[in-house]
Amino acid sequence: MNYSIIVPIYKEEKNISKLIHKIKKELKGKIVYELIFVDDDSRDQSKKIFNKYSNKNFKFYIRKDKPRDLSKSVVYGFEKSKYNNLIVMDGDLQHNPRDILKFIKIFKKTKCDIVIGCRKLANYKKANLNPIRFIFSKSLNHVFNFIFNHKISDPMSGFFLVKKEVYNKVKKKLILLGYKILIDIILSAKKNILIKEVKINFSVRDKGFSKMRLKILLQLIIFIFIKYFKYEKKN
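Residues numbered from 1 in each chain as written. Predicted model: local features only at pLDDT ≥ 70, side-chain atom pairs only at ≥ 80, totals over all residues. Heavy atoms only, no water.

Visitor: Could you give an account of the nonpolar core, with specific residues and numbers?
Guide: Where a protein is soluble and globular, its nonpolar side chains tend to be buried together. By size, the foremost hydrophobic cluster in this structure holds 31 residues, and its most contacted members are Ile5, Tyr33, Leu35 and Phe37. Secondary-structure elements contributing two or more residues to this core are β1 (2–9), α1 (16–27), β2 (32–39), α2 (46–50), β3 (58–62) and α4 (98–110). The dominant element in this core, judged by the number of residues it contributes, is α1, at five residues. Excluding its chain neighbours within four sequence positions, the residues that come into contact with Leu35 are Ile5, Val7, Ile20, Ile23, Asn57, Phe58 and Lys59. Val74, Phe160, Leu176 and Ile186 belong to the second largest nonpolar core, which has 26 residues in total. (Core = buried A, V, L, I, M, F, W, Y, C linked by side-chain atoms within 4.5 Å. Buried < 20%, exposed > 50% of the residue type's maximum accessible area, 1.4 Å probe, protein only. Helix = DSSP H or I, 4+ residues; strand = E, 2+ residues; numbered from the N terminus. Contact = heavy atoms within 4.5 Å.)

Printed below as a string of structure tokens:
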């Protein structure tokens, strides 16, 4: 099996080199993969930094269409990918490349459609989140599972593996609003898709630009309402 790793970024010039080195270190000789960075028109030094690494398996794209949107950047990377298995992770070093191998192990063993990297949300210290963000994440997870009748530990995760055939079946149904592309995919797919979960160690952001803003929270609320009515209509 081969994998396309999609990394949506915005103002991550301080983290790109470190992330590339971590991915290469963890995955070298273990899987065949390509690494696709999609920059949401940061206008920083990201492209210049990435040019040091660029080759046939390391690709960098700038998505100039407005508005800036992580979900749209992820899908942009999906469309540029050449392999049939898609891995999405953040570019801020909060997701550990070592966990990719955990995804692949359960993916091969269970032949599932999606593997989700779930944060340890027992408390905010174990989750490496500040108390406010921890409460927000836990609350949204409960709301999602209640409204849509799912039992997913961390549907707000931005670290997951999905078969490209699943994406291809739902891509015309995606809303592509905000930062929760995983939820968009799950709710656009049929209920019989097989989802597995893997516990991950979510790290504290060290450098770069935090994207958690009031605007993002409002987008998420709007997204859930829109998706709810579409979901109810579908079912």
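Visitor: Can you tell me about the sheet that holds strand β5 (residues 114–118), naming the residues and giving the values?
Guide: The strand order across the open sheet built from seven strands is β3-β2-β1-β4-β6-β5-β7, with neighbouring strands paired in mixed fashion. The open sheet has two edge strands with one neighbour each: β3 and β7 (195–199). On average, adjacent strands in this sheet sit at an angle of 20° to one another, irrespective of strand direction. The sheet contact formed by β1 and strand β4 (residues 85–88) spans four bridges and is parallel. Within β4, the position partnered with Ile6 by the bridge is Val88. Sitting on the sheet, α1 touches β1, β2 and β3, and the angle it makes with β2 is about 165°. Set on the sheet, α4 makes contact with β1, β4, β5, β6 (160–163) and β7; between it and β7 the angle comes to about 150°. (Pairing = 2+ DSSP bridges. Axes fitted to C-alpha atoms, helices over the stretch in contact; angles between N-to-C directions.)

Visitor: Explain the packing of aromatic side chains to me, using residue names and the numbers behind them.
Guide: A complete count under the given rule lists seven aromatic pairs for this structure. For the ring pair Tyr33 and Phe58, a centre distance of 6.5 Å and an interplane angle of 40° mean the geometry is tilted. Pair noted here: Tyr33 is in strand β2 and Phe58 is in strand β3, with a separation of 25 residues, a long-range link. With a centroid separation of 4.9 Å and 65° between ring planes, the pair formed by Phe78 and Tyr167 is classed as edge-to-face. (Phe/Tyr/Trp six-rings, centres within 6.5 Å; stacked < 30°, edge-to-face > 60°.)

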